[in-house]
Amino acid sequence: MEFSTLDHQWMRHAIALAQTAQKNGEVPVGAVLVVDETVLAEAYNQPITTNDPTAHAEILALRQAAATQRNYRLPGTTLYVTLEPCLMCMGALIHARITRLVFGAFDPKTGAAVSCYQIGSDTLLNHRLEVAGGLLADTCGALLQKFFKQQRRCEYRNDTRQARSFSR
């Protein structure tokens, strides 16, 4: 799939948001919702900070845009997100009538746009959206890999400390 200069610009914007999520101790996922080359909403993952399992970047961006537009339908929009959306987020994109989804890294475990499920193109649903994946995938994937590597390192250190304290 060919991506435009604007696609690259918006994905870089989403990557900057993902980096903010990472600085806040969240899984680094960022999302930007665009209409007519204008940012309608932007967000990053916040489920840990907010204690809200639905506070994915995509959901937060949709909520923000719907409030701004005073409409739960957001036709004519493109969502740029650094990671392939999950089932919950794809369901929300369908209900919001997003026109186009562009994502960075594929998610082979829970991706619901193309990897595990093909929600956006499912003919059983009353809305379909154009899905384009893999834009700046290496950069998006590296952010996630670095984050989870650091998480595992911290968990290992904590496990080692606990093991030492119990071994006395």
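Remember, predicted model here, so these are calculated numbers, not experimental data.

J.: I'd like a description of the packing of aromatic side chains, backed by residues and values.
T.: A complete count under the given rule lists two aromatic pairs for this structure. Plain terms: the ring middles of F147 and F148 are 5.2 Å apart, the flat faces sit at 80° to each other, and that makes the pair edge-to-face.

J.: Outline the nonpolar core, supporting the account with residue identities and numerical values.
T.: Ranked by internal contacts, the top residues of the largest apolar core, which has 43 residues, are M11, L33, L74, M90, I98 and L101. When residues of this core are traced back to their parent elements, those giving at least two are helix 1 (5–23), strand 1 (30–35), strand 2 (38–44), helix 3 (57–69), strand 3 (78–83), helix 4 (87–96), strand 4 (100–105) and helix 5 (137–166). Ranked by residue count, the leading element in this core is helix 1, at six residues. Here L74 is in contact with L33, L40, L62, A65, A66, Q69, A96, R97 and I98, once residues within four sequence places are set aside.

J.: Give a detailed account of unusual backbone geometry, specifying residues and quantitative values.
T.: With phi around 65°, E37 is a residue other than glycine that occupies positive phi space. Looking at where E37 falls in the secondary structure, it is placed in the loop between strand 1 and strand 2. Taking relative accessible area as the criterion, E37 reaches 57% and is therefore assigned exposed. Phi at R97 is positive, roughly 65°, even though this residue is not glycine. In this fold, R97 is placed in the loop between helix 4 and strand 4.

J.: Which residues make up helix 4, and what values do they have?
T.: Within the sequence span of helix 4, burial applies to C89, M90, L93, I94 and A96. Its buried side turned inward, helix 4 meets helix 3, strand 3 and strand 4. Just downstream of helix 4 lies R97, where phi reads positive at about 65°.

J.: So what's going on with the packing of helix 3 against helix 4? Which residues, and what values?
T.: Where helix 3 contacts helix 4, the axes come no closer than 9 Å and their chain directions differ by 25°. Here helix 3 is positioned roughly parallel relative to helix 4, judged by the angle of their axes. Considering only the axes of helix 3 and helix 4, their crossing is left-handed. Between helix 3, through E58, I59 and L62, and helix 4, the contact on the second element is made entirely by M88, C89, A92, L93 and A96. In terms of residue class, the contact of helix 3 with helix 4 is made up of seven nonpolar, no polar and one charged.

J.: So what's going on with the sheet that holds strand 5 (residues 130–133)? Residues and values would help.
T.: Read across the open sheet, the five strands follow the order 2-1-3-4-5; overall the sheet is mixed. Both edges of this open sheet fall to strand 2 and strand 5, since each of them pairs with a single strand only. Taken pair by pair, the neighbouring strands of this sheet meet at an average axis angle of 15°, ignoring direction. Strands in contact with helix 1 are strand 1, strand 2, strand 3 and strand 4; relative to strand 1, the strand with the most contacts, it is inclined by about 145°.

J.: So what about the pairing of strand 3? Which residues, and what values?
T.: For a regular strand, side-chain orientation follows a simple rule: the groups alternate between the two sheet faces. Along strand 3, six of the six residues are buried, which leaves the element largely enclosed by surrounding structure. Taken together, the four bridges between strand 1 and strand 3 define a ladder with antiparallel strand orientation. Residue pairing across strands places L33 opposite L79, the latter belonging to strand 3. In this sheet, strand 4 lies alongside strand 3 in parallel orientation, the contact comprising five bridges. Bridging across to strand 4, L83 finds its partner in A105. Of the crossover connections in this fold, the one passing from strand 3 over helix 4 to the parallel strand 4 is right-handed.

Conventions and cut-offs
Residues numbered from 1 in each chain as written. Predicted model: local features only at pLDDT ≥ 70, side-chain atom pairs only at ≥ 80, totals over all residues. Heavy atoms only, no water. Phe/Tyr/Trp six-rings, centres within 6.5 Å; stacked < 30°, edge-to-face > 60°. Core = buried A, V, L, I, M, F, W, Y, C linked by side-chain atoms within 4.5 Å. Buried < 20%, exposed > 50% of the residue type's maximum accessible area, 1.4 Å probe, protein only. Helix = DSSP H or I, 4+ residues; strand = E, 2+ residues; numbered from the N terminus. Contact = heavy atoms within 4.5 Å. Axes fitted to C-alpha atoms, helices over the stretch in contact; angles between N-to-C directions. Parallel < 35°, antiparallel > 145°, perpendicular 65-115°, else oblique. Left-handed = near helix turned anticlockwise from the far one by under 90°. Nonpolar A, V, L, I, M, F, W, Y, C, P; charged D, E, K, R; others polar. Pairing = 2+ DSSP bridges. Right-handed = clockwise from strand over helix to strand, strands pointing away.

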